[in-house]
Amino acid sequence: MSNANASATTASRSGIFGRSGVTVDNGPALAAGAALVLGAIAVWQAVDLRQAALFLIGGALGATLYHAAFGFTGGWRRLVVERRGRAMRAQMLMIGLAALVFMPLLAAGEVFGTPLVGSVAPVGVSVLVGAALFGLGMQLGGGCGSGTLFTVGGGSSRMLVTLAFFVIGAVLGSWHLPWWLEQPGLPPVSLGASLGVPGGLAVTLAGLALVAASTVLVERRRHGALEPAPMPPRHGLGRLLHGPWPLLGAALLLAGLNIATLLVAGHPWSITFAFGLWGAKTAQAVGVPVETWAFWNWPGPQAALGDSVLFDTTSVMNFGILIGAALAAALAGKFAPKAALPWRSLAAAIVGGLLMGYGARLAFGCNIGALFSGIASGSLHGWLWFAAAFAGSLIGIRLRPLFGLDGGK
């Protein structure tokens, strides 16, 4: 490439943001920004202003997840492999901050006339098996529910494969879920309802603090001291636009955005129901009679299957997450889709996606709907999900080298 052509290419990528020292992908940034604005207007016109607000909240979630690289998969793996717990502590802080607001609001039952419902689900074999499968799958697939979305938005072709098979697994899970619910279990248990808001909060915060303290002990035993937060390469507006964002700041922002979701949608942030819905609609379009399955005859799923996906709050927020992450990646100069994918890595993405989709449906959610929103809602199933998913994740970490991941041959 000539010097003139190289200069022209650099100029087209950096544009007006070049002064920040970051090479911005101008084309993708403008496209993603326009999609966010036009998408919000389209959702407003097709549904209502509330749904458009949820789309924009999704966009903010996607940007936050991307700029902070806030994923559960890598954080759990770092704790197990490297004995570093900074990401895990940020996750516990995020859940605790949300719980402080969730439980009183859910106990009130409504706010400004909007009924509020928490992410509370049954506790049983279905959650135990589903969460373990999800934990294993996320280590092979390379991302959790939220991680898959924001990395796809950032241009990862591998995670696009994971997402596709996540959708397939979710459809299979919806087919089998009624059988799993016949296995031993308990009805939904809410700590806030059972112990009262003060008691439920005390138990929840104590549990989160215990997990965080355990990571401190593990890290100090291995390294002698806690890992300091990395020094940011830029500050001020440059850091806000281009990242990276601090984990603790992202934890605070994600908790706030989940609270906003509860207030606007009437329920907390969730992700994976939309994957099953997209897959069911696709299967229905090619002649698979999913509408005859028991799950898709339950009132909520039946209504969602019959409506446009724009009426499904989870789908609309997921679309926002994808676009918000794409915008953040472009502003960071990292929107670079790659088509090449080694066959073992491809196999891991396929297996991981299937396990996550199937497991999330059995366990009533993923790291967001079951762990984050579940524990913050005071649901006992969220704690069972956490324990089972972490156990599954341990197995997944051991299997990664067999698929050529982590440098495995």
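What counts, and where the lines are drawn
Counting of residues starts from 1 at the beginning of each chain's written sequence and follows it residue by residue. Where totals are concerned, whole chains, interfaces and linings use all residues; where local detail is concerned, this predicted model gives features only for residues with pLDDT of at least 70, and gives and counts side-chain atom pairs only at 80 or more. No hydrogens and no water enter the side-chain calculation; it runs on all heavy atoms of the structure. Helix and strand definitions here come from DSSP, where helices need a minimum of 4 consecutive H or I residues and strands a minimum of 2 consecutive E residues; each element is numbered from the N-terminal end. Two things to know: the radius of gyration comes from C-alpha atoms, and the globule rule equals 2.2 Å times the number of residues to the power 0.38. Classification of residues uses two cut-offs on accessible area relative to the type maximum, computed with a 1.4 Å probe and protein chains only: under 20% is buried, over 50% is exposed, and between them is partly exposed. Contacts are residue-level and defined by heavy atoms, with any inter-residue pair within 4.5 Å sufficient. Ring pairs are drawn from Phe, Tyr and Trp, using the six-membered ring of Trp, whenever the two centres fall within 6.5 Å, and their geometry is named by plane angle: stacked under 30 degrees, edge-to-face over 60, tilted for the rest. Orientation is described by lines fitted to C-alpha atoms, with helices fitted over the stretch in contact, and by angles between N-to-C directions that extend from 0 to 180 degrees. Every angle not falling under 35 degrees, over 145, or within 65 to 115 is termed oblique; those three ranges are roughly parallel, roughly antiparallel and roughly perpendicular. By the definition used in this description, the sense in which the near helix is turned from the far one sets the handedness, with an anticlockwise turn below a right angle giving left-handed and a clockwise turn giving right-handed. Polar here means any residue other than Ala, Val, Leu, Ile, Met, Phe, Trp, Tyr, Cys and Pro, which are nonpolar, and Asp, Glu, Lys and Arg, which are charged; Gly is therefore polar. Pairs of cysteine sulfur atoms within 2.5 Å are what we label disulfides. Note on terminology: a nonpolar core comprises buried Ala, Val, Leu, Ile, Met, Phe, Trp, Tyr and Cys residues joined through side-chain atoms within 4.5 Å. In what follows, salt bridge is the name for a side-chain nitrogen of Lys or Arg lying within 4 Å of a carboxyl oxygen of Asp or Glu. A residue's pLDDT is the predictor's confidence in that residue, given on a scale from 0 to 100. In protein, a polar contact means a hydrogen-donor-capable atom and an acceptor-capable atom, both N or O and within 3.5 Å, with residues adjacent in sequence counting only if both atoms are side-chain atoms; elsewhere, any N or O pair within 3.5 Å suffices. The arc in question is the one spanned by the directions pointing from the helix axis to the C-beta atoms. Expected span of a helix: the number of residues minus one, times 1.5 Å.

## Quick notes on the overall build of the protein chain
Line of reasoning, step 1. Check the secondary structure of the protein chain and you find 17 helices and four strands.
Line of reasoning, step 2. Whereas a compact globule of 409 residues would reach a radius of gyration of roughly 22 Å, the protein chain reaches 21 Å, a difference of no more than 12%.
Line of reasoning, step 3. Across its three principal axes, the protein chain shows a C-alpha extent of roughly 70 × 55 × 50 Å.
Line of reasoning, step 4. Here the protein chain holds 409 residues, and 51% of them are scored as buried.
Line of reasoning, step 5. By sequence separation, contacts in the protein chain at least 24 residues apart represent 79% of the contacts at least 6 residues apart.

## Comments concerning the packing of aromatic side chains
Line of reasoning, step 1. Per the stated rule, a full pass over the model turns up 16 aromatic pairs.
Line of reasoning, step 2. Each ring, one from Trp179 and one from Trp180, has its centre 5.0 Å from the other, and the planes form 85 degrees; the classification is edge-to-face.
Line of reasoning, step 3. Since its relative accessible area comes to 49%, Trp179 is described here as partly exposed.
Line of reasoning, step 4. With relative accessibility at 16%, the residue Trp180 sits in the buried group.
Line of reasoning, step 5. Plain terms: the ring middles of Phe275 and Trp278 are 5.4 Å apart, the flat faces sit at 55 degrees to each other, and that makes the pair tilted.

## Looking at the packing of helix H3 (residues 49-68) against helix H14 (residues 313-331)
Line of reasoning, step 1. Orientation of H3 relative to H14, taken along the N-to-C sense of each, is 40 degrees, at an axis distance of 6 Å. For the element pair H3 / H14, the angle class is oblique. Seen along the crossing, H3 lies across H14 with a hand that is right-handed.
Line of reasoning, step 2. Grouping the amino acids of the contact of H3 with H14 by side-chain chemistry returns 15 nonpolar, eight polar and one charged.

## So, the state of the cysteines
Line of reasoning, step 1. Applying the stated criterion to the full structure yields zero disulfides.
Line of reasoning, step 2. Cys144 takes part in no disulfide bond, and the closest cysteine sulfur to it belongs to Cys366, at a distance of 7.0 Å.

## Focus on the nonpolar core
Line of reasoning, step 1. In terms of nonpolar packing, the biggest core is built from 80 residues, with Phe70 and Trp385 touching the most fellow members.
Line of reasoning, step 2. With 12 residues, the top contributor of residues to this core is helix H5 (residues 86-108).
Line of reasoning, step 3. Beyond its immediate sequence surroundings of up to four residues, Trp385 is in contact with Trp76, Val127, Ala131, Phe134, Ala363, Gly365, Cys366, Asn367, Ala370 and Leu371.
Line of reasoning, step 4. Of all hydrophobic cores here, the second largest spans 12 residues; its members include Leu177, Ala280, Ala283 and Val290.

## So, unusual backbone geometry
Line of reasoning, step 1. Cis geometry marks the peptide bond from Gly243 to Pro244, where omega comes out at -5 degrees.
Line of reasoning, step 2. As for its position among the elements, Pro244 is in the loop between helix H10 (236-242) and helix H11 (247-265).
Line of reasoning, step 3. The backbone of Arg83 sits at a positive phi, close to 60 degrees, despite the residue not being glycine.
Line of reasoning, step 4. With respect to the helices and strands, the residue Arg83 is situated in the loop between helix H4 (72-81) and H5.

## Let's talk about the environment of Thr148
Line of reasoning, step 1. Relative to the helices and strands, Thr148 resides in helix H7 (residues 145-153).
Line of reasoning, step 2. The contacts of Thr148, once residues within four sequence positions are left out, are Gly143, Met159, Thr162, Leu163, Phe166 and Met356.

## Comments concerning the environment of Ala332
Line of reasoning, step 1. As for its position among the elements, Ala332 is in the loop between H14 and helix H15 (343-362).
Line of reasoning, step 2. Excluding residues within four positions of it along the chain, Ala332 makes contact with Val22, Thr23, Tyr66, His67 and His242.

## What to know about the pattern of salt bridges
Line of reasoning, step 1. This model, assessed by the stated rule, comprises five salt bridges.
Line of reasoning, step 2. Among the ionic pairs, Arg78 bridges to Glu227, the shortest N-O distance being 3.0 Å. One end of the pair, Arg78, is in helix H4; the other, Glu227, is in the loop between helix H9 (191-223) and H10, with 149 residues separating them in the sequence.
Line of reasoning, step 3. With a closest N to O distance of 3.0 Å, Glu219 and Arg89 form a salt bridge. With Glu219 in helix H9 and Arg89 in helix H5, the pair connects residues that are 130 residues apart, well separated along the chain.
Line of reasoning, step 4. Taking the relative accessible area as the measure of exposure, Glu219 reaches 0% and is therefore buried.

## Considering the confidence of the model for the protein chain
Line of reasoning, step 1. Averaged over all residues, the pLDDT of the protein chain equals 92, while 94% of them reach at least 70.
Line of reasoning, step 2. For the stretch residues 1-18, pLDDT sits under 50, and the model shows 20 contacts to residues farther than four places along the chain or on other chains.

## Comments concerning the side chain of Ser379
Line of reasoning, step 1. Tracing the backbone through its elements, the reader meets Ser379 in the loop between helix H16 (367-376) and helix H17 (380-399).
Line of reasoning, step 2. Within polar-contact distance, the side chain of Ser379 engages the side chain of His381 at 2.6 Å.
Line of reasoning, step 3. Setting aside its immediate chain neighbours within four residues, Ser379 contacts Ser119, Val120, Ala121, Val189 and Gly374.

## Points about helix H13 (residues 299-306)
Line of reasoning, step 1. Looking only at H13, the buried set comprises Pro301, Ala304 and Leu305. Projected down its long axis, H13 shows its buried positions confined to an angular sector of 100 degrees, all on one face. Along H13, the residues that are exposed and aim more than 90 degrees away from the buried face are Pro299 and Gly306.
Line of reasoning, step 2. Lining the buried residues of H13 we find helix H12 (272-285).

## Some details on H9
Line of reasoning, step 1. Taking 1.5 Å per residue as the helical rise, H9 with its 33 residues ought to reach 48 Å, whereas the 36 Å between its terminal C-alpha atoms falls clearly short.
Line of reasoning, step 2. Along H9, the positions that sit buried rather than exposed are Leu191, Gly192, Gly200, Leu201, Thr204, Gly207, Leu208, Val211, Ala212, Thr215, Val216 and Glu219.
Line of reasoning, step 3. Positioned one or two residues after H9, Gly224 has a phi angle of 85 degrees, which is positive.

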